[in-house]
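One-letter residues, chain by chain:
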Amino acid sequence: MPITAFDHVNIRTANLNAMTKWYEEILGLTSGPRPDFGFPGAWMYLGEHPVVHLVETATPPLAGGDVTLEHAAFRATDLTAFMEVLAARNVAHKAARIDSIGLTQINIWDPDGNHIHVDFKDTSPP
């Protein structure tokens, strides 16, 4: 299961419009297509790849308390091999299939509780 790339970062914000504008104006990213997840947000693209996912929240995260970084993600190949590694090491995980973009996400948490998901294109959920 070789990791092939860093995929994106997901950031919660109570200021979706201001954040979208900042990522466009300061970093030169562009707002682009985003699947309907049932909650508001924006995907910010670097070329053809959405590298920053913004998720709108009702209230801003508290400084020094709730973090705004929700997860980091990686792209990988060979879902079967990855699932075998998780099983062999008794790693808790949650699988999610997002048909609209042909993606299977395997959500895991590191020892400190940080959320990581590994994305597999055009695969079926385990």
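Before reading further, recall that the structure is shown in the block above.
Residues numbered from 1 in each chain as written. Predicted model: local features only at pLDDT ≥ 70, side-chain atom pairs only at ≥ 80, totals over all residues. Heavy atoms only, no water.

**Comments concerning the environment of Gly102**
Phase 1: On the secondary structure map, Gly102 appears in the loop between strand S6 (94–98) and strand S7 (103–109).
Phase 2: By relative accessible area, Gly102 is classed as buried at 9%.
Phase 3: For Gly102 and Asp122, which are 20 residues apart along the polypeptide, the C-alpha to C-alpha distance reads 4.9 Å.
Phase 4: Look past the residues within four positions of Gly102 in its chain and what remains in contact with it is Arg97, Phe120, Lys121 and Asp122. (Helix = DSSP H or I, 4+ residues; strand = E, 2+ residues; numbered from the N terminus. Buried < 20%, exposed > 50% of the residue type's maximum accessible area, 1.4 Å probe, protein only. Contact = heavy atoms within 4.5 Å.)

**Focus: the packing of aromatic side chains**
Phase 1: Taken as a whole, this structure holds 5 aromatic pairs when the rule is applied.
Phase 2: Taking the centre distance of 5.8 Å and the plane angle of 20° together, the rings of Phe37 and Phe39 count as stacked.
Phase 3: Judged by centre distance (6.1 Å) and plane angle (45°), the ring pair of Phe37 and Trp43 falls under tilted.
Phase 4: Take Trp43: its relative accessible area is 8%, and that puts it in the buried class. (Phe/Tyr/Trp six-rings, centres within 6.5 Å; stacked < 30°, edge-to-face > 60°.)

**Some thoughts on a nonpolar patch on the surface**
Phase 1: On the surface, Trp22, Ile26 and Leu27 cluster together into a nonpolar patch covering about 320 Å² of accessible area.
Phase 2: Of note, Trp22 is situated in helix H1 (residues 16–25). (Patch = residues over 30% accessible without salt bridge, like charges linked within 9 Å, V, L, I, M, F, W, Y side chains within 5 Å. Areas by Shrake-Rupley, 256 points an atom, 1.4 Å probe, with all protein chains shown as cover. Salt bridge = Lys/Arg side-chain N within 4 Å of Asp/Glu carboxyl O.)

**A word on the nonpolar core**
The tendency in soluble globular proteins is for nonpolar side chains to be buried side by side.
Phase 1: With 11 residues, the main nonpolar core is built from Ala72, Ala76, Leu79, Phe82, Met83, Leu86, Ile106, Ile108, Ile116, Val118 and Phe120.
Phase 2: Only strand S5 (69–76), helix H2 (79–88), S7 and strand S8 (115–121) provide two or more residues apiece to this core.
Phase 3: Looking at this core element by element, the count peaks at 4 residues for H2.
Phase 4: Other than its neighbours up to four places away in sequence, Phe120 contacts Met1, Ala76, Thr77, Asp78, Leu79, Phe82, Gly102, Leu103, Thr104 and Ile106.
Phase 5: Membership of the second largest hydrophobic core comes to 9 residues, among which are Val9, Leu16, Ala42 and Val52. (Core = buried A, V, L, I, M, F, W, Y, C linked by side-chain atoms within 4.5 Å.)

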